[in-house]
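# Chain and residue survey
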Amino acid sequence: MIPCGWAEGNGSMAGKTFADAFADPRLGTNAVLERIEGLVDWSALAVLASELRPGETGRPPYAPLAMLKALYLQAMYDLSDPGLEAALLDRVSFRRFCGWGLADRTPDETTICRFRQQAAETGVLSRAFEAVNAQLEAKQLILKRGTLMDATLVAARHNRPKLKAGAGATLSREPQANWTRKNGKSYFGYKLHVGMDQGSGLVRRAVMTPANVSDIEMAEALICGDERAVYGDKGYSKKALSQTLKARRAKPRIAYRRHKTEPVLTRWKKQRNDLIARLRAPVEGVFSQAKRFYGLSRARCHTLARNQGRALAALTVFNLKRAVRLTAA
């Protein structure tokens, strides 16, 4: 079909093919996707995505930005690679969001898989997450009143090693998954660490690690440096962290924990912990949505980098949907 005014799959919702000119203008409308499209300056993300698809040799590839947007749709609707391939063929709203017209070819599952893996391993999804947050900050949606830190466990893609393999055994198929204990139970997989902006509910920092990495080890990676306070549970209780926050003029709102010289917390310390828990509670909503809607209760890839890329794509979508609600208020 002859293109009408745009290149095939250029990543813009504005483009139309000859076939689109005869379609009902209401076909494929999706209010949420349209608002997300208008919320972001996608040209900045197009630059990042183009690092993966230079198109200098061989068959012309699909537009990099269109492929990146397809990954965000995959995260938003918790689709597998075959599921995304089918959805791009079936759903007009998906085509319009990515910039593909009715007559354009869309990628198959192998192409999607390769692009997703490259985007994760090269850090493009991580930098895209930061670029989107920078735009939301420019729109004054990030309040910087405080950072709410927390972490959640993500089960490994494969079943845990059997008991006969011995204590602490890992899997050669998934070498970066590891063990940890929580509430007296053993877990095998990864840990997703998040720093959320207090008030706006936007996720500013996110890192995935093996499950045996402690919360306190990742605290520095979750602190942005421009917040007025930092909130965390007793897993972040460490004198050095509190001193660092005070030096940066940020209030350390970290829960007290018992230790051998103080087996029972005083009444005022318990009250302070209860207050911190209430203020820190909204960050739990991030994990709830990530697991219920975006499939992050279990890893789907063999490597840490790819699993982190998937998590960052989901959190980018989470932030964009949250920003849509904030701008509509």
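Heads up: these notes are all about the structure in this document. (Residues numbered from 1 in each chain as written. Predicted model: local features only at pLDDT ≥ 70, side-chain atom pairs only at ≥ 80, totals over all residues. Heavy atoms only, no water.)

### Some words on the overall build of the protein chain
Quick reminder of the rule: Each helix is a run of DSSP H or I of at least 4 residues and each strand a run of E of at least 2, with the numbering of both proceeding from the N terminus. Each residue's exposure class comes from its accessible area (1.4 Å probe, protein chains only) as a fraction of the maximum for that residue type: buried when under 20%, exposed when over 50%, partly exposed otherwise. A contact between two residues is defined here by any heavy atoms of the two lying within 4.5 Å. Surface accessibility follows the Shrake-Rupley procedure with a 1.4 Å probe radius. Residue values consider only the protein chains on display as shielding.
Of regular secondary structure, the protein chain possesses 12 helices and eight strands. Within the span of the protein chain, comprising 329 residues, buried residues form 48% of the whole. Looking at the protein chain alone, contacts between residues at least 24 apart form 64% of all its contacts between residues at least 6 apart. Accessible surface, the protein chain: about 16,700 Å² in total, of which carbon and sulfur atoms supply 52%.

### Considerations on unusual backbone geometry
If you check the backbone angles, Asp78 has positive phi at about 50° while not being a glycine. Among the secondary structure elements, Asp78 is positioned in the loop between α3 (64–76) and α4 (81–90). For Asp78, a relative accessible area of 27% translates into the label partly exposed. Within the chain, Arg249 stands out as a residue other than glycine whose phi angle is a positive 65°. Structurally, Arg249 is set in the loop between α9 (239–247) and β8 (251–254).

### Thoughts on helix α2 (residues 42–49)
Formally: As used here, the arc is the angular range of directions from the helix axis to the C-beta atoms.
All buried positions along α2 are accounted for by Trp42, Leu45, Leu48 and Ala49. All buried residues of α2 fall inside an arc of 110° around its axis, so they share one side. Where α2 is buried, its residues meet α1 (31–39), α3, α5 (92–98) and α7 (124–138).

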